[in-house]
Amino acid sequence: MKLEKVVPFGRSLDEYKNMFALSEGDLEKAIVGVGDGPASFNAEMWGLGKSVVSIDPLYVFQAEEIERQFDAVVDDIIEQVKSTPADWVWSYHGSPDYLKQNRRRVLRRFIADYDGGKADGRYLVGELPGLDFEDGRFELALCSHLLFLYSGHLSYEFHLASILEMLRVAAEVRIFPLLTLMLERSPYVQPVMKAVTAMGFLANVEMVNYELQKGGDEMLRIRRSARPLNGGRA
Ligand SMILES: C[S@@+](CC[C@H](N)C(=O)[O-])C[C@H]1O[C@@H](n2cnc3c(N)ncnc32)[C@H](O)[C@@H]1O
């Protein structure tokens, strides 16, 4: 798939649960969704009485403009999907037409929550690689369909700085998928894992129960190590 820039496509709570292997316990954590865009994750969590903070530069816009940006790209994306049938797995979405319907349903759910969520401080304008939060504000940071996927648009330095920033504000970071738009494992995955491991974090790739891009069923989990780097010595 070829895209000029990062597109405002969003996923549902159920997709987030699958992409990030979120347990019921995880859903109770203090969560920041980085690059949540027009996902309905925040709206649906709010509907369940749980609170998520979503960060995205897109939130500078009104709902109408976000919908316009979605409308401007959706048909081209679905056409690219239809013309590359071997690249996709339909166990979740059924077909390209259902995928389009699902994405629009998610967008509508997001838009219905957007103004109220902005007033509550649940949708905040912000962007990687800098997050305007104090250290350790969250238990879990989630980032999907931005890092690694857009490796052709975003440098290794941007990836590493962004991941370290998410690790500054959250005890654990999960990123999905690990494939690029061209369906190859991002060349940044191994260097990022090596770099954060050398800094004392625990990093591992896990298979998850979600696959739309063929082979895109892995997430990266990075946590602060329980063991201090100096072995506990002063
Ligand atoms: C493809 S959407 C994915 C939305 C959501 N995470 C999901 O998986 O459904 C990517 C989002 O990343 C946002 N984005 C682009 N650059 C960003 C940055 N530097 N920091 C945070 N978000 C960014 C875009 O505005 C867009 O909403």
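Since we're looking at a predicted model, the values are computed, not measured. Residue numbers restart at each chain and count upward from 1, following the sequence in its written direction. Given that this is a predicted model, residues contribute local features only at a pLDDT of at least 70 and side-chain atom pairs are listed and counted only at 80 or more, while totals for whole chains, interfaces and linings are drawn from all residues. The side-chain numbers reported here are obtained from all heavy atoms of the structure, hydrogens and water having been left aside.

Asks: Would you explain the layout of surface pockets in this entry?
Replies: Empty space left among the atoms is revealed by rolling a probe the size of a water molecule over them. Put plainly, a pocket is an open set of points on a 1 Å grid over the protein atoms alone with protein on both sides within 12 Å along at least five of seven lines, a cavity is a set where a 1.4 Å probe fits but cannot get out, and a lining residue has an atom within 4 Å of a point. Grid points are joined across faces, edges and corners, and a volume is the space filled by probe spheres set on the points. What the largest pocket holds in volume is close to 810 Å³. Around the largest pocket, the lining is made up of 43 residues, and of these V6, V7, H145, L146 and Y150 lie nearest the centre. Taken together, the elements giving at least two residues each to the lining of the largest pocket come down to α4 (63-82) and α5 (96-120). The leading source of residues in the lining of the largest pocket is α4, at 3 residues. Strands are runs of DSSP state E lasting at least 2 residues, helices are runs of H or I lasting at least 4, and numbering of each runs from the N terminus.

Asks: When you look at the packing of aromatic side chains in this model, what are you seeing that I'm missing?
Replies: When we look at a pair of aromatic rings, we describe it by the centre distance and by the angle of the planes. The pairing test for Phe, Tyr and Trp rings, Trp by its six-membered ring, is centres within 6.5 Å, and the orientation test on the planes gives stacked under 30 degrees, edge-to-face over 60, and tilted for anything in between. All told, the structure shown has 13 aromatic pairs when counted by the stated rule. When the centroid spacing of 5.8 Å and the interplanar angle of 55 degrees are considered together, the rings of Y59 and Y114 count as tilted. You can see Y59 sitting in the loop between β2 (52-55) and α4 and its partner Y114 sitting in helix α5, a full 55 residues away along the chain. The exposure class assigned to Y59 is buried, which follows from its relative accessible area of 0%. Taken together, the ring pairs in this structure connect Y59, F110, Y114 and Y123 into an aromatic cluster. When a residue's accessible area, from a 1.4 Å probe over protein chains only, is under 20% of the maximum for its type it is buried; when over 50% it is exposed; and in between it is partly exposed.

By themselves, these observations are geometric and do not establish any function.
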